[in-house]
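# Architecture and fold: a report
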Amino acid sequence: MFRKSSTADGDELLARLGSLTAQARERAQFQRSQVELAIALQRGMLPGDLPSAPGFDVAVEYAPACHGLNVGGDWYDAFELPDGRIGLSIGDVQGHNIEAAAFMGQVRVGLRALASVTGDPGELLERTNDLILSIGSDLFATCTFMRLDPATGVLESARAGHIPCVWATADGKSGVTADEGGPPLGIGAGTRYPVTRHRLTTGGVFVLLTDGVVEGPAMDVDDGLDQVVRLAGVAVGAGLSAGSLAAAVIKGAEGVGHEDDAAVLVVRHGAPTVPFR
């Protein structure tokens, strides 16, 4: 009797373990599918082509997090405005799931659509903020939008809760922009976003990036920005292309612990002396 009872208990335990294992396998497969779908959404919603303008070089690099089951909502965009100037945007949606990836697409497309109505960076972010609030989502997004005039090299910038940009000039100067900025998109109605003007001189670069490039468990944001400043200065001094600098910055993002998406957008004034390979 004792042996039969013990055997029956063992069989029941094995059956329960088998059931739990099967359930765990199904959950893991579902979660993998969710990550794959989110990555497909991200890549499908990001632009395939970048605008070109005489004397200017634009390049991007993007690396999805894929840390565990987290997938974020970083985006970049560059497109020609109706008046011939170039719009540049980069941003980051709160959250790491399919909802964040889908919301990223809505914000990016919304920015593009509204840019056909107004190219002023401050007004554009104001209208995009109103649009996001009208959707009724619980998510919010940080963003930087710049308008480049290829004829003058003037960059007009507005920032919505996003990390600052990095710049470097051919005379050996480099640093982090000090735009005043405003709160993230989707936080509150009636928000105003001040516009700051910069000038991109011949041989100089501007680097737009997301916080996954410069902040993580192994590096704080200030050290991360300093790293990008150094890379930008070296790239300008060596006459490297926008593509080479973007690749170097995204490679450097591996040192932050990279638990988040990482996106980099570089605009360079003047033909590089060293081509991108």
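Not measured: the values here are computed from a predicted model.

Turning our attention to the environment of Phe79. Mapped onto the elements, Phe79 comes out in strand 2 (residues 73-80). Phe79 sits 33 residues away from Arg112 along the chain, and the two C-alpha atoms are 8.1 Å apart. Discounting residues that sit within four places of it in the chain, Phe79 has contacts with Pro51, Arg85, Ile86, Gly87, Arg112, Ala115 and Phe145.

Turning to the sheet that holds strand 3 (residues 86-93), a few remarks are in order. Within a beta sheet, neighbouring strands are joined by backbone hydrogen bonds and run either parallel or antiparallel to one another. Here 5 strands make up an open sheet; going across it, the order is 2-3-4-5-8 and the pairing antiparallel. Looking along the sheet, the strands with just one partner apiece sit at the ends: strand 2 and strand 8 (196-199). The average angle at which neighbouring strand axes cross in this sheet is 15 degrees, direction not considered. Alignment of strand 2 against strand 3, held across 8 bridges, turns out to be antiparallel. Bridging across to strand 3, Glu80 finds its partner in Ile86. Against the sheet, helix 2 (residues 98-115) contacts strand 2, strand 3 and strand 4 (141-149), and its axis sits at roughly 20 degrees relative to strand 2. This element, helix 3 (residues 121-135), spans strand 4 and strand 5 (154-160) of the sheet and lies at about 30 degrees to strand 5.

Definitions and limits used
Residue positions are given per chain, counting from 1 as you read along its sequence in written order. Local features are withheld for residues below a pLDDT of 70 in this predicted model, meaning they are given only at 70 or higher, and side-chain atom pairs are given and counted only at 80 or more; totals for whole chains, interfaces and linings count all residues. Side-chain descriptors were evaluated using all non-hydrogen atoms of the structure, hydrogens and water having been removed beforehand. Comment: elements are numbered from the N terminus, with helices defined as DSSP H or I runs of at least four residues and strands as E runs of at least two. Should any heavy atoms of two residues lie within 4.5 Å, those residues are considered in contact. One bridge is not enough; two strands pair if DSSP finds at least two bridges between them. Only C-alpha atoms enter the line fits that serve as axes; for helices the fit covers just the stretch in contact. Angles between N-to-C directions range over 0 to 180 degrees.

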